[in-house]
Amino acid sequence: MLKTFTCIICPNGCEITADVEENGQITKIEGATCSKGEDYVKQELTDPRRNIATSVLVRGGELPLASVRLTAPIPKARIFDAVNEIKKVTLTAPVEAGTVVIEKLLGTEADVIATKSVPAK
């Protein structure tokens, strides 16, 4: 079976095709302009992962929200669970960029960290 992917690893966005047998074995990968594209397709077929960037509420800050992101990708199937967990968080200003907001989100190796500082009012 021929499957088509758009690589999201770098800005090139290569269109990559992979010929995959019924047992999941990859017989051919074409279209990747670098090895990262091939690695991406292999991971997509065996263990798709994604990163999240969103925001959390900040109480008493100059801004109402602080941007956050994950320190590592998590299984794609857990994205909605992760977002729901992050939505439960409210920080109190001041918030410093780099602060760990949630450690080991959903038992994964990914922490949620603040990516924007929010000073207190």
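Cut-off values and rules
- Residues numbered from 1 in each chain as written.
- Predicted model: local features only at pLDDT ≥ 70, side-chain atom pairs only at ≥ 80, totals over all residues.
- Heavy atoms only, no water.
- Pairing = 2+ DSSP bridges.
- Helix = DSSP H or I, 4+ residues; strand = E, 2+ residues; numbered from the N terminus.
- Buried < 20%, exposed > 50% of the residue type's maximum accessible area, 1.4 Å probe, protein only.
- Core = buried A, V, L, I, M, F, W, Y, C linked by side-chain atoms within 4.5 Å.
- Contact = heavy atoms within 4.5 Å.
- Axes fitted to C-alpha atoms, helices over the stretch in contact; angles between N-to-C directions.

A. Seen up close, the pairing of strand β5 (residues 53–59). Two elements, β5 and strand β6 (residues 65–70), share 5 bridges in a ladder whose sense is antiparallel. Following the sheet pairing, Val56 is matched in β6 by Ala66. Linking two consecutive strands that pair antiparallel, namely β5 and β6, is a turn of 5 residues; a positive phi of about 75° is found at Gly60 within it. Two strands pair when backbone bridges link them, and β5 and strand β8 (residues 90–92) are joined in this way by 3 bridges, in the parallel orientation. Across the sheet, residue Val58 finds its bridge partner in β8, namely Leu91.

B. The arrangement of unusual backbone geometry in detail. Of note, the bond from Ala93 into Pro94 is cis; its omega dihedral lies within 30 degrees of zero at 5°. Within the secondary structure layout, Pro94 lies in the loop between β8 and β9 (100–102). One non-glycine residue, Lys104, lies in positive phi territory at about 45°. With respect to the helices and strands, the residue Lys104 is situated in the loop between β9 and β10 (112–114). On the accessibility criterion, Lys104 (43% relative accessible area) is partly exposed. One non-glycine residue, Leu106, lies in positive phi territory at about 55°. Structurally, Leu106 is set in the loop between β9 and β10. Judged by its relative accessible area of 27%, Leu106 falls in the partly exposed class.

C. Region of interest: the nonpolar core. By size, the foremost hydrophobic cluster in this structure holds 21 residues, and its most contacted members are Leu70, Ile86, Val101 and Val112. For this core, the secondary structure elements donating two or more residues are β5, β6, α2 (79–87), β9 and β10. Setting aside chain neighbours within four positions, we find Leu70 in contact with Asn51, Ile52, Ile86, Leu105, Ala110, Asp111 and Val112. In this structure, Phe5, Cys14, Ala18 and Val20 belong to the second largest nonpolar core, which totals 9 residues.

D. Summary view of the sheet that holds strand β2 (residues 15–20). Ordered in space as β1-β2-β3, the 3 strands form an open sheet in which the pairing is antiparallel. Looking at the sheet topology across the chains shown, the edges are occupied by β1 (2–6) and β3 (26–30). Neighbour to neighbour, the strand axes of the sheet diverge by 20° on average, direction disregarded. By the bridge criterion, 4 bridges tie β2 to β3 in an arrangement that is antiparallel. Residue Thr17 lies in a different strand from β3, and its bridge partner there is Glu30. Docked against the sheet, helix α1 (residues 35–46) engages β1, β2 and β3, running at close to 120° with respect to β1.

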